[in-house]
Amino acid sequence: MSQPSKPNRREMLELAISRGLLVAGSASILSQQQLLADWQAAEAQSNKPTSAEVLGPFYRKGAPDQPNLRVPGDPGFPLKVVGRVLNTKGQLVEGARVELWHADHGGLYDTKGYKYRASLAPDAKGIYSVDTVMPGHYADRPAQHIHYLISAPGHKTLITQAYFATDPFFEGNPDKNWNKRGIAANKELVLPVKLFEGGSKPSDPARAEITFDIVLEKA
Amino acid sequence: MPTISAEAIPGSLFFSKDGKSISSKCSDGHLRTWDLASGKLTADKTFDPRSGMASSNILLEIDRKAKETRVWDLTANRQLYLLKGSDVANATASSDGRYLAISNPVDRTIRVTDLKTGQERHKLPDGLGGAASLLFSPDGETVVSANYDNDVRIWKTASGELLRKVEDLTGAMFAAEYTPDGKQLIMAGLDETVYIWDAKSHTLNRKLKGHGETISALAISPDGRTLVTGGFDVITVKNPVKIQIWDLAAGKITRTIAAPHRVVSLAFSPDGKWLAYVAGEKEISLVAL
């Protein structure tokens, strides 16, 4: 999740008031530093829930709990996806399940089997990860994306999507173009992509990597 | 093969009861009616492009800015009422004119209202992704939602009682219709398979394989003997697909028609002699059966 930019004094006051830190009218007795400290303390405790997107037509129930989606010889650039499932206080959510699915390198979804589909339980450290390939482009959804469905006891099930800041669709400027043609619900869903050169071992290929931490709200 | 040209891509197709004309709400928001004998446009009424037909007679205009949905009676040519909310994945009106059902993908419910007054009867908890198909039985007694999350729910309309939840499908059902006698419920979608359910016991009778593509539309002839399924290429709606005509009792394909793009809608004429379809072009194609 990207950090919000530092607010100006008026915005700080509004934020502080809206979060119940201040009673309207009493603002002048607090210094700007105090306001900022209060705002930061409140902000640290309240992660915004990840924005929702549509489920789309290609979801299939019953994907395997299997993180190795890419097999040797698969066309497409290797991609590692990692992340955690958190609550709005920034704590790991217990008992979460992360389902994700995406098109192959050519933009085709597997509608009969479960290629590039997984249903994962995060590990003891709360981390989920998959080895897969970069999803391709297809005409009807011109930005590369990964679909997500995340559920956990006591939390609202979230449906969302992850996009790639390196995607030519964003024309090198995802900050400006994240909502081009209404593609992403929120700028935060367009994720920075790290590139790794890789080593000599097949288990260490040249690859892209994204980190997608998901914030669930309470049910 | 006769075609009717339209200024924009038509959506769902509705033959008039006498079979002499056909109507469709097009992608530009115009509801157009054509005379079938001459192919001439006989009526043209403009609505918001974000609108959809809940039946041959009921149109919903979805106003996202005002967060409301306007319900129109097309026969009476008047707005019936406003409903709060503009999150609409799908909507359908019962053919007896008693009920309206709206799928809301945000609060994940099916709202059933009294069609005449707009008064809410039930807010039924549905699945996660909104209804890919939403329909009433011909007698209006049951309402069915096939959710994008793959599950199908069947409720008793009057009481809101959940009669059956089908949880073992592994793909969304993009198209669903009851047979005209109301005895069977036919669904098809992502997994290229046609599912035929007993509409009373809600158990699966048969599965038909052989369409060979994801299925985006289906229609059943007025005599209940013929099924037609329309295809959807999952790479892009622009790729060519097939329309398959089935002998329903035998479960066999009797004829295949090439369609230029994803099949948006299919309809039989009331006498069953014509099949009309829209496949992504600014036209309605008519096939003699």
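## Considering the sheet that holds strand 17 (residues 162-166) of chain B
Strand pairing in a sheet is mediated by backbone hydrogen bonds. Such pairs are either parallel or antiparallel.
All names here are of chain B.
Then comes step 1: Read across the sheet, four strands follow the order 14-15-16-17 without closing on themselves; strand pairing throughout is antiparallel. Unpaired on one side and paired on the other, strand 14 (131-136) and strand 17 mark the two borders of the sheet. Strand-to-strand twist of the sheet, defined as the mean angle between neighbouring strand axes without regard to direction, takes the value 10°.
Then comes step 2: When strand 15 (residues 142-147) meets strand 16 (residues 152-156), the two strands line up antiparallel, connected through five bridges. The residue bridging A146 from the neighbouring strand is V152, located in strand 16.

## Some thoughts on the nonpolar core
Then comes step 1: Formed by 131 residues in total, the largest nonpolar core has its most connected members in L100(B), A101(B), M173(B), L218(B) and V263(B).
Then comes step 2: Aside from chain neighbours lying at most four places away, what touches A101(B) is A91(B), T92(B), I110(B), V112(B), L134(B), F136(B) and V143(B).

## What about the domain arrangement of chain B?
All names here are of chain B.
Then comes step 1: According to the domain assignment, chain B contains domain 1 (1-42 + 173-289) and domain 2 (47-169).
Then comes step 2: Here the C-alpha centre of domain 2 lies 21 Å away from the C-alpha centre of domain 1.
Then comes step 3: With 20 residues of domain 1 in contact, the opposing surface of domain 2 contributes 20 residues.
Then comes step 4: Only strand 2 (10-15), strand 18 (175-178) and strand 19 (184-188) provide two or more residues apiece to the side of domain 1 that touches domain 2.
Then comes step 5: Grouping the constituent residues of the side of domain 1 that touches domain 2 by class yields 11 nonpolar, seven polar and two charged.

## With respect to the environment of K252(B)
All names here are of chain B.
Then comes step 1: With respect to the secondary-structure elements, K252 resides in strand 25 (residues 252-259).
Then comes step 2: K252 sits in the exposed class, given 10 other C-beta atoms within 10 Å.
Then comes step 3: Remark: the alpha-carbon pair of K252 and A199, spanning 53 residues in sequence, is separated by 22 Å.
Then comes step 4: For K252, the residues in contact, after removing those within four places along its chain, are W246 and D247.

## Focus on the pairing of strand 27 (residues 274-278) of chain B
Consecutive side chains of a regular strand alternate in pointing toward one face of the sheet and then the other.
All names here are of chain B.
Then comes step 1: Extensive coverage of strand 27 is indicated by the burial of four of its five residues.
Then comes step 2: Note that strand 26 (residues 265-268) and strand 27 share four bridges and pair antiparallel. Pairing of F268 across the sheet is with L275, part of strand 27.
Then comes step 3: Where strand 26 hands over to strand 27, the hairpin turn is made up of five residues, of which G272 adopts a positive phi near 75°.
Then comes step 4: One ladder, built from four bridges, connects strand 27 with strand 28 (residues 283-288); its direction is antiparallel. Bridging across to strand 28, Y277 finds its partner in S285.
Then comes step 5: Connecting strand 27 to the next strand, strand 28, in antiparallel fashion are four residues, including G280 with a positive phi near 80°.

How each quantity is defined
Residues numbered from 1 in each chain as written. Chains lettered and ligands numbered in written order. Predicted model: local features only at pLDDT ≥ 70, side-chain atom pairs only at ≥ 80, totals over all residues. Pairing = 2+ DSSP bridges. Helix = DSSP H or I, 4+ residues; strand = E, 2+ residues; numbered from the N terminus. Axes fitted to C-alpha atoms, helices over the stretch in contact; angles between N-to-C directions. Core = buried A, V, L, I, M, F, W, Y, C linked by C-beta atoms within 7 Å. Buried ≥ 20, exposed ≤ 12 C-beta atoms within 10 Å, placed from the backbone. Contact = placed C-beta atoms within 7 Å. Domains from an automatic or database assignment. Nonpolar A, V, L, I, M, F, W, Y, C, P; charged D, E, K, R; others polar.

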